[in-house]
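Results of the structural survey
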Amino acid sequence: MTARHEPPAADPRATAIGATTVLNWALLATLTQLAGPVPPFLLTALAFAIAFVCFAVWLGVRGQSPIAPLRQPPRVWALGVGGLFGYHALYFVAQQNAPPANAGLISYLWPLLIVIFVALLPGERLRTNHVVGGLLGFAGAALLVGGDVSAAGSVLGYAAAFACAFLWSGYSVLSRANRAVPTAAVGGFCLVTALLAALCHGLLEPSRWPQGLGWLGVVGLGLGPVGSAFFTWDVGVKHGNLRLLGLLAYFTPLLSTVVLILAGYAAPTPWLALAAGLITLGMLVGSGWLGRRRIA
């Protein structure tokens, strides 16, 4: 009889580090708005370049080589760069072509999709609560879209927001299968992402640099949601409790929307509150948190 393979136990410290990412990502939409109407690829290039420089300085202070972690197989590079570059290019497109709170909440369906994708892995199964949670989450997203799809550019914005959700959930689940890859490799992914984004900007976009306080938004993105957040998330999804991190991440859209409202980029309308409630409820149901008789 073949012994059953048991996955490594989750590291509580790694889970705690990953959990800090939720607070970091809550600032993503607001900092994107603060950066102003900077073309998406240029914004991606600037933010990830700042993230890489900060990471290189951090490695230098620790006396570690920035080169050794970059020696990874092509599939690892494809996953890392595809996840970071693809998600953020799409996210910035969504934020600039749809109402920011709407785009943010739709893109934050990714935690629910993580639960669904994990349930479809070998040895797992898709339960009723996963299906119900998915329907509730997408109902909230549909409520956010409403009749605004006829507005100029909003079809592109909403499509990009949905693509964000699927891309980041897939990246997070697949990263779990590459737990042996050191987190320091994320620095290299940031550098290549910045270079690719700069190339796309030069080929596809007119130059429109940040102005005034817009630079504060760009630097904030590079230090936080587009910088340190990826390193803490990488530690969490590879070595922590992925399902618990998914549950904690479910509250990101609400925190993000609250920050948008406080910053004056979104209004606290009843429809927005209802949509946020539906998405959050769907995420909680999909995770199995509601109705759980005991904590596993």
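For clarity, every value in this text was computed on a predicted model and none was experimentally measured.

1. Some thoughts on the overall build of the protein chain
- What the protein chain contains, in helices and strands, is 13 helices and zero strands.
- Seen in sequence order, the protein chain has helices and strands lined up from the N terminus as α-α-α-α-α-α-α-α-α-α-α-α-α.
- The globule rule puts the C-alpha radius of gyration for 296 residues at 19 Å, and the 19 Å found for the protein chain is close to it.
- Taking all 296 residues of the protein chain together, the buried fraction comes to 51%.

2. What about the nonpolar core?
- Counting residues in each nonpolar core, the largest one holds 82 residues, and the members touching the most others are W25, L84, W110, W168, L221, F230 and W233.
- Setting aside its immediate chain neighbours within four residues, F230 contacts W25, F48, L84, H88, W168, V186 and P225.

3. Re the environment of V22
- If you trace the backbone, V22 turns up in helix α1 (residues 12–25).
- When residues no more than four places from it in sequence are discounted, the contact partners of V22 are L248, A249, T252 and L255.

4. Side note on a nonpolar patch on the surface
- Side chains of L23, F251, L254 and L255 sit close together on the surface and give an oily, nonpolar patch of about 340 Å² of accessible area.
- Counting through the fold element by element, L255 comes out in helix α12 (residues 252–263).

5. Focus: the packing of aromatic side chains
- Here the structure, examined in full by the defined rule, presents 15 aromatic pairs.
- Ring geometry for W25 versus W110: centroids 5.4 Å apart, planes at 85°, classification edge-to-face. Residue W25 is found in helix α1, and its partner W110 is found in helix α6 (residues 110–119); the two are separated by 85 residues along the sequence. Across the pair, W110 and W25 agree in class, each one buried.
- Judged by centre distance (5.8 Å) and plane angle (25°), the ring pair of F48 and F230 falls under stacked. In this pair, F48 sits in helix α3 (residues 40–62) while F230 sits in helix α10 (residues 214–239), placing the two residues 182 residues apart along the sequence.
- Owing to a relative accessible area of 4%, F230 belongs among the buried residues under this scheme.

Definitions and limits used
- Residues numbered from 1 in each chain as written.
- Predicted model: local features only at pLDDT ≥ 70, side-chain atom pairs only at ≥ 80, totals over all residues.
- Heavy atoms only, no water.
- Helix = DSSP H or I, 4+ residues; strand = E, 2+ residues; numbered from the N terminus.
- Rg over C-alpha atoms; globule rule 2.2 N^0.38 Å.
- Buried < 20%, exposed > 50% of the residue type's maximum accessible area, 1.4 Å probe, protein only.
- Core = buried A, V, L, I, M, F, W, Y, C linked by side-chain atoms within 4.5 Å.
- Contact = heavy atoms within 4.5 Å.
- Patch = residues over 30% accessible without salt bridge, like charges linked within 9 Å, V, L, I, M, F, W, Y side chains within 5 Å.
- Areas by Shrake-Rupley, 256 points an atom, 1.4 Å probe, with all protein chains shown as cover.
- Salt bridge = Lys/Arg side-chain N within 4 Å of Asp/Glu carboxyl O.
- Phe/Tyr/Trp six-rings, centres within 6.5 Å; stacked < 30°, edge-to-face > 60°.

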